[in-house]
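Coordinate inspection notes
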Amino acid sequence: MKPYTTHYKELFRLGLPIIIGQIGIILVSFADTIMVGQHGTDDLGAASFVNNMFNLAIIFATGFSYGLTPIVGKLFGSDKRREIGGTLKNALLANGAIALLLIAVMGVLYLNIGNLGQPEELLGLMRPYYLVLLITMPFITLFNAFKQFADGITDTKTSMWILLTGNVLNIVGNYVLIFGKCGLPELGLLGAGISTLFSRMAMLAIFIYIFFRSKRYAQYAKGFMHGKVTGREQKELFGIGMPVALQMGMETASFSLATIMVGWLGTNALAAHQIMCTVGQLGFMMYYGMAAAVAVKVSNYNGTGDYPNIRRSADSGFHLILVMAVVASALIYLLRHSIGGIFTDSNDVSLLVAQLTVPFILYQFGDGLQCNFSNALRGIADVKPVILYAFIAYFVISLPAGYIFGFIFDWGLPGVWMSFPFGLTSAGVMFYLRFRSRVRT
């Protein structure tokens, strides 16, 4: 156990700030929902639709930015610090291009928002909120590039503090602009969008300031100023980033398509589904935070060709994620009859939530497995096969299983949820086997 103990400590040191930052994002989402809901039901309905449309774009952009981490991590492990600055310059251009692509796609959706069957009375709230969120896309993608650069050089605390600062600014801005405090007009949902825009602008500005002004980043800033944009680096960034973006996008899309099936079961099923998805997101963010630390350490060891420690880092990360999964599963099981009551006063919905705890617990192992080893593959820049594995797991296995269990076997909502253990675990097993085949000791 002695070699693993060192890895546990290092992964915990790197992963904890990432986890805190990820959970902070979820808490802001909760605060947004609560405050918008207090302003009006129409605001909440419009926000739910627009946010769901943007979630897939944001996850795609975040996945693309993950392509930077193994490149920076390998250079950092090889002690090529000046080259990292030039890589960041290339990453900012690549992530900026992704922002423009997503703006174009989401712009087309905006022009057709009136043809998507949404309530007519909500369109007046949706359109301005949608446009403000559209403006935030470049700030998200450029911030992501800085964050992945910092993670790659094992500095995960800077991103954490900037994210937490942005979260506080967002919550305060929501309160002021949604409800019209401090002499400002009451803007409702539009106010929430403006607050989000300014918080994302502030986070990017803070990171830029720290990058060019702090002593810790001085050698990287010098490399940034002298670095050149090259076709080779752009090709490498897109070659790693796009498969990760598509893999994460397919996973998210499978949950979104499962929601459509849940809608066939009625309002109570949708409400219970939403509650458990919200709870599940907390677990996923913890697993993915630790898995991101695995990607950093694996990429560092990859830079020196240290294959035994590449294996140990990946295995150690999975051990830590398993501990998280066991603790999360135990808490969910013990609180299974109380969770629904936190979100709703409907006994029927609370009963459905309690029934979902069994498939929820079953898929924690698979979720942790796929998070850990997809990031381990990212650390060694072996990401192209994950597109095929994700397609098989989420579209060939998970979605058909949900329909069979939910409607052919007539298990209802728990049946749809039983597809998640099959999909996530099959993805995790494929990622694990690929990693083992690529890293031999």
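Structure first, text after, so check above.
So, a few notes on the structure that sits alongside this text. Note that this is a predicted model, so its numbers are computed, not measured.

Some words on the overall build of the protein chain
Counting secondary structure elements, the protein chain contains 18 helices and zero strands. For the protein chain, whose C-alpha radius of gyration is 22 Å, the value lies close to the compact-globule estimate of 22 Å for 441 residues. For the protein chain, contacts bridging at least 24 residues in sequence account for 82% of all contacts bridging at least 6. Total accessible area computed for the protein chain in this model is approximately 19,000 Å², and 66% of it derives from carbon and sulfur atoms. With 30 positive and 21 negative side-chain charges, the protein chain shows a spacing of 17 Å between the two charge centroids.

Here's the deal with the state of the cysteines
A complete count under the given rule lists zero disulfides for this structure. In this structure C277 is not part of a disulfide, and its nearest cysteine sulfur, from C371, lies 15 Å away. For C371, a relative accessible area of 0% gives the class buried.

Some details on the packing of aromatic side chains
One pass over the full model with this rule turns up 35 aromatic pairs. Taking the centre distance of 5.4 Å and the plane angle of 65 degrees together, the rings of F149 and Y217 count as edge-to-face. Taken as a pair, F149 in helix α6 (residues 137-152) and Y217 in the loop between α8 (189-213) and α9 (218-226) lie far apart in primary sequence, 68 residues in all. With a relative accessible area of 1%, F149 lands in the buried category. Ring geometry for Y175 against F179: centres 6.2 Å apart, planes inclined by 55 degrees, an arrangement best described as tilted. Taken together, the residues Y175 and F179, both in helix α7 (residues 157-179) and four residues apart, mark about one turn of the helix. Linked through ring pairs, F143, F146, F149, F207, F211, F212, Y217, Y220 and F224 together constitute an aromatic cluster. Lying over the aromatic face of F224, K89 brings its terminal NZ or CZ to 5.3 Å of the ring centre. Between R336 and the ring centre of Y333, over which it is positioned, the NZ or CZ distance is 4.0 Å.

Some points on the packing of helix α10 (residues 231-263) against helix α18 (residues 419-438)
If you want to describe how two helices pack, look at the angle between their axes and the distance between the axes. The interhelical angle for the contact between α10 and α18, taken along N-to-C directions, is 170 degrees, at an axis separation of 12 Å. Between α10 and α18, the angle is such that the two are roughly antiparallel. The element α10 and its partner α18 pack so that their crossing is right-handed. Seen from α10, the contacting residues are Q247, E251, F255 and A258; seen from α18, they are F420, L424 and F431. Split by residue class, the contact of α10 with α18 holds five nonpolar, one polar and one charged.

A closer look at the nonpolar core
Note on soluble globular proteins: their nonpolar side chains tend to be buried together. Counting residues in each nonpolar core, the largest one holds 124 residues, and the members touching the most others are F149, F211 and F435. Leave out the neighbours within four places in its chain, and F211 touches L88, F146, F149, Y217, Y220, A221 and F224.

A look at the environment of R200
Considering the arrangement of structural elements, one finds R200 in helix α8. With 90 residues separating them in the primary sequence, R200 and Y110 have C-alpha atoms 21 Å apart. If sequence neighbours within four positions are ignored, R200 has contacts with I58, T136, F139 and I140.

Topic: helix α3 (residues 68-77)
Most of α3 is tucked away: eight of the 10 residues are buried. By the burial criterion, the buried members of α3 are L68, T69, P70, I71, V72, G73, L75 and F76.

Some words on the side chain of E233
Within the secondary structure, E233 is located in helix α10. R232 provides the closest opposite charge to the buried, unpaired E233, separated from it by 4.2 Å. Engagement of the side chain of E233 in a polar contact is seen with the side chain of N90, the distance being 3.5 Å. Setting aside residues up to four positions removed in sequence, E233 forms contacts with G86, T87, N90 and K228.

Criteria and cut-off values
- Residues numbered from 1 in each chain as written.
- Predicted model: local features only at pLDDT ≥ 70, side-chain atom pairs only at ≥ 80, totals over all residues.
- Heavy atoms only, no water.
- Helix = DSSP H or I, 4+ residues; strand = E, 2+ residues; numbered from the N terminus.
- Rg over C-alpha atoms; globule rule 2.2 N^0.38 Å.
- Contact = heavy atoms within 4.5 Å.
- Areas by Shrake-Rupley, 256 points an atom, 1.4 Å probe, with all protein chains shown as cover.
- Lys, Arg positive; Asp, Glu negative; His and termini not counted.
- Charge placed at Lys NZ, Arg CZ, Asp CG, Glu CD.
- Disulfide = S-S within 2.5 Å.
- Buried < 20%, exposed > 50% of the residue type's maximum accessible area, 1.4 Å probe, protein only.
- Phe/Tyr/Trp six-rings, centres within 6.5 Å; stacked < 30°, edge-to-face > 60°.
- Lys NZ or Arg CZ within 6 Å of the ring centre and 35° of its normal.
- Axes fitted to C-alpha atoms, helices over the stretch in contact; angles between N-to-C directions.
- Parallel < 35°, antiparallel > 145°, perpendicular 65-115°, else oblique.
- Left-handed = near helix turned anticlockwise from the far one by under 90°.
- Nonpolar A, V, L, I, M, F, W, Y, C, P; charged D, E, K, R; others polar.
- Core = buried A, V, L, I, M, F, W, Y, C linked by side-chain atoms within 4.5 Å.
- Salt bridge = Lys/Arg side-chain N within 4 Å of Asp/Glu carboxyl O.
- Polar contact = N/O pair within 3.5 Å; in protein donor to acceptor, adjacent residues only side chain to side chain.

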